[in-house]
Amino acid sequence: MAQTITAFGPISFDPASGTLRGNGADVRLGQRAAALLQTLIDADHQPVSKSALLEAAWPGMVVEDGSLTVQIAALRKALGTRPDGQDWIVTVPRVGYRLIPPQATGPTPEPASRPALAVLPFQNLSGEAETDYFADGVVADIITALGRFQSFSVVARNSSFAYKGRSLDARRVALDLDARYLLEGSVRRAAERLRITTQLVDGETGQQIWAQNFDGTVGDIFDFQDRITESVATLIEPQIQLAAVEHSRRERPTSLAAYDLYLRALHNYTWDSQSDNADAYHLLNAALELEPDNSIILAYAARTLTNRNLTGWPPLGPDDDGRCAVLVRRALKHAGADATVLALCGDALMHVVKDYDWAMTVLRTALEANPNDVQVVTLSGIVNLHCGDVADALAFFHRAIRLSPRDPNAHLSLTGIAHAMMIGGDYLEAIDWANRALTLSPNNHPTFWMLIAANAQLGRMDEAHRFLRDFRKFAPDATVAGIWAGQPQKDLSRCAGILEGLRLAGLPET
């Protein structure tokens, strides 16, 4: 394609000399920057892949993506902004970059995508080279661990490490890397002690969302590194999901995009309410009309029906169980290695489809895909509680609490431990764990089952009746038969103590 002078508002680009002219001064671009700009111009405003841009600016060379990121950032600065305040060069998520047509007006819409996270190099506050290497290794492991989550994408290490040793505005870095969130940190060493400070930053506002310190010794550096990686990976995912939900509700409450509908459904899904559950299901079905093969939406739609089945709420359609089975099979077909999808489907297979062996297999696959996902660990505990080894179930529940003690769904693990205590006949322990769960989720049905049944088994009928009255305020139609129908029925002994205690307390059989 012939190279002609191209105008960018008051600035023009002369490819013959590689010069930007305008605004009272000429700017001579470097050879690589000029090659990149000309490649974007020749694409006629279509997206250009990163590999094509790298080949144009560094022909025949092996170059990290970070070099391209730096050159694009310099180009954006040299070109300035359009009259509408937008950059002339925009990022195309998971593809590359695109040059906006000079005549275009208004912001360029981008396709709905998962929020992206960039883990920036941690600052070495100790001034020791060995600590510098350690900091880089920690960041590399965090990137690898976070890359296993499917609810957000992670910017490649080569791109984020282009900012090592540089002090830049978080919003500028987020824009350059096309990242919705940034994870920053620092490492400080004092004798044998190490402290690593981390913070999660909103790339749009520059505000801190979450921060945490990790302390340890240098004595066993690899164990320390694993602990940091595990902690950050499991703590950061719920923060990103919650922040994304709030951002969606605040900025785009009427959007019809499938991703937006999914986030709005997750907000309703987190409450133990029959009406919220129904709202979440309808939102997810609306999202499926836009993206019928989206595995995570399919899995959460199945999950809402699983919750209805478990709690004995009235069905939403003529055959909720059959619909749930269809959603599960469709989700698994498109799941790939998505650990969250696999775990949600495994739980539905156990509770609704009653295919216990398949449920165990799917949960094992989910754990292999991401052993650090707190939801995967929790659901592994629940499936083992009913279909596997109770000791394994307890190990999973305690691990889930350790991984993410502030997780909004921690009551599931606490109630799971109470259930395991009921199976073993330790009713006092069951009451203790169920009371802890109650403080986190005051309307969770299984938590009340444990409190009612355990107190009744101990002969504490006043307490059992008190919890039963509270339970029937939000579950007036609950019956023993209905609760049993929503439980996995591979082993009657796993629920026998609960059902017997509910009967003793006076819950109607049918």
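The structure we're discussing is the one just above.
Heads up: these notes are all about the structure in this document. Quantities reported herein were computed from a predicted structural model and do not represent experimental measurements. Counting from 1, residues in each chain are numbered in the order their sequence is written. Local features in this predicted model are restricted to residues whose pLDDT is 70 or higher, and side-chain atom pairs enter the listing and the counts only when it is 80 or higher, whereas totals over whole chains, interfaces and linings include all residues. Hydrogen atoms and water are omitted, and side-chain values are computed over all heavy atoms in the structure.

A count of helical and extended segments in the chain gives 21 helices and 13 strands. Here the chain holds 510 residues, and 52% of them are scored as buried. The contacts in the chain between residues at least 6 apart in sequence include a share of 58% that link residues at least 24 apart. Every accessible area reported is derived by Shrake-Rupley at a probe size of 1.4 Å, with residue values counting cover from the shown protein chains alone. Looking at the chain as shown, the accessible area adds up to about 22400 Å², and 52% of this sits on carbon and sulfur atoms. Only runs of H or I of at least four residues qualify as helices and only runs of E of at least two qualify as strands under DSSP, and these elements are numbered from the N terminus. Working definition: with a 1.4 Å probe on protein chains only, accessible area under 20% of the residue-type maximum means buried, over 50% means exposed, and in between means partly exposed. The contact rule is simple, with two residues in contact once any of their heavy atoms fall within 4.5 Å.

Turning to the pairing of strand 7 (residues 96-99), a few remarks are in order. Sheet analysis places strand 5 (residues 48-49) next to strand 7, joined by two bridges and oriented antiparallel. Within the sheet, the bridge partner assigned to Val48 lies in strand 7 and is Tyr97. Sheet analysis places strand 6 (residues 89-92) next to strand 7, joined by four bridges and oriented antiparallel. Looking across to strand 7, one finds that Thr91 is bridged to Tyr97. A pair of strands counts as paired when DSSP detects no fewer than two bridges linking them.

Let us now look at the sheet that holds strand 5. Adjacent strands of a sheet form backbone hydrogen bonds with each other and so pair up, either parallel or antiparallel. Spatial strand order, 5-7-6: three strands in an open sheet with antiparallel pairing. Two strands in the sheet have a free side with no partner beyond their single neighbour: strand 5 and strand 6. Here, axes are lines fitted to C-alpha atoms. For helices the fit covers the stretch in contact, and angles between N-to-C directions go from 0 to 180 degrees. Together, strand 6 and strand 7 form the strand contacts of helix 3 (residues 65-79), whose direction differs from that of strand 6 by roughly 145°.

Membership of the largest hydrophobic core comes to 94 residues, with the highest contact counts inside it found for Tyr262, Ile297, Leu327, Val328, Met422, Ile452 and Phe471. With 10 residues, the single largest contributor to this core is helix 12 (residues 339-353). Put simply, a nonpolar core is a bunch of buried Ala, Val, Leu, Ile, Met, Phe, Trp, Tyr and Cys residues held in one set by side-chain atoms that sit within 4.5 Å of each other. Listed in part, the 24 residues of the second largest apolar core include Leu20, Val48, Ala57 and Leu79.

Along its 14 residues, helix 17 (residues 427-440) runs 20 Å from first to last C-alpha, staying within 8% of the 20 Å computed at 1.5 Å per residue. Taken residue by residue, helix 17 has Tyr427, Ala430, Ile431, Trp433, Ala434, Ala437 and Leu438 as its buried positions. To estimate the expected span of a helix, count its residues, drop one, and scale the result by 1.5 Å.

Before going further, it helps to spend a moment on the packing of aromatic side chains. Here the aromatic set is Phe, Tyr and Trp, taking the six-membered ring for Trp, and pairing holds for ring centres within 6.5 Å; pairs whose planes are under 30 degrees apart are stacked, those over 60 apart are edge-to-face, and all others are tilted. Per the stated rule, a full pass over the model turns up four aromatic pairs. Grouping aromatic residues by their ring pairs yields a cluster made of Phe448, Phe467, Phe471 and Phe474.

What follows is about the pattern of salt bridges. Criterion for a salt bridge: a side-chain nitrogen of Lys or Arg within 4 Å of a carboxyl oxygen of Asp or Glu. The full count for this structure, using the stated rule, is 10 salt bridges. For Arg195, the salt bridge is made with Asp215, and the minimal N-O distance between the two is 2.8 Å. One end of the pair, Arg195, is in strand 12 (residues 193-202); the other, Asp215, is in strand 13 (residues 208-217), and 20 residues separate them in sequence. According to the relative accessible area criterion, Asp215 is partly exposed, its value standing at 30%. Residues joined in a network through salt bridges with shared partners are Arg180, Asp202 and Glu204.

A positive phi angle, near 65°, is found at Lys354, a position not held by glycine. Assignment of secondary structure puts Lys354 in the loop between helix 12 and helix 13 (356-369).

So, about the packing of helix 13 against helix 14 (residues 374-387). Two numbers describe how helix 13 lies on helix 14: the axes approach to 10 Å, and their chain directions differ by 155°. Our classification of the angle between helix 13 and helix 14 gives roughly antiparallel. Regarding helix 13 and helix 14, the two cross each other, and that crossing is left-handed. Contact with helix 13, carried on its side by Tyr356, Ala359, Met360, Leu363, Ala366 and Leu367, involves Val376, Val377, Leu379, Ser380, Val383, Asn384 and Cys387 of helix 14 and no other residues of that element. The residue classification treats Ala, Val, Leu, Ile, Met, Phe, Trp, Tyr, Cys and Pro as nonpolar and Asp, Glu, Lys and Arg as charged. All others, Gly included, are polar. Among the residues making up the contact of helix 13 with helix 14, the classes are represented as 11 nonpolar, two polar and no charged. The cut-offs work like this: below 35 degrees is roughly parallel, past 145 is roughly antiparallel, 65 to 115 is roughly perpendicular, and the gaps in between are oblique. Here a crossing is taken to be left-handed if its near helix is turned anticlockwise relative to the far helix by less than a right angle, and right-handed if that turn runs clockwise.

A word on the environment of Pro442. Tracing the sequence through the fold places Pro442 in the loop between helix 17 and helix 18 (445-457). Spatially, the C-alpha atom of Pro442 lies 9.9 Å from that of Asp470, the residues being 28 residues apart in sequence. Once you skip the residues sitting within four places of it in the chain, Pro442 turns out to touch Phe448 and Phe474.

Once that is clear, we can look at helix 6 (residues 170-177). Within the span of helix 6, buried status applies to Ala170, Val173, Ala174, Asp176 and Leu177. For helix 6, the angular spread of buried residues about the axis comes to 165°, placing them on one side. Two N or O atoms form a polar contact when they lie within 3.5 Å of each other; inside protein one atom must be a possible hydrogen donor and the other a possible acceptor, and for residues adjacent in sequence the pair counts only when both atoms belong to side chains. Structurally, the start of helix 6 carries an N-cap: the backbone nitrogen of Arg171 is 2.9 Å from a side-chain oxygen of Asp169. By arc we mean the arc of the directions from the helix axis to the C-beta atoms, nothing more.

Glancing now at the pairing of strand 12. Sheet analysis places strand 11 (residues 181-190) next to strand 12, joined by 10 bridges and oriented antiparallel. In the sheet register, Leu182 faces strand 12, and the bridge partner there is Val201. Hairpin connection between strand 11 and strand 12: a loop of two residues separates the two successive antiparallel strands, and Ala191 in this loop has a positive phi of roughly 55°. Across nine bridges, the pairing between strand 12 and strand 13 is antiparallel. For Arg195, the partnering residue across the bridge sits in strand 13 and is Asp215. In textbook terms, the turn of a hairpin is the stretch between consecutive antiparallel strands, and for strand 12 and strand 13 this stretch comprises five residues, one of which, Gly206, has a positive phi near 80°.

Don't take any of this as a statement about function, it's just geometry.
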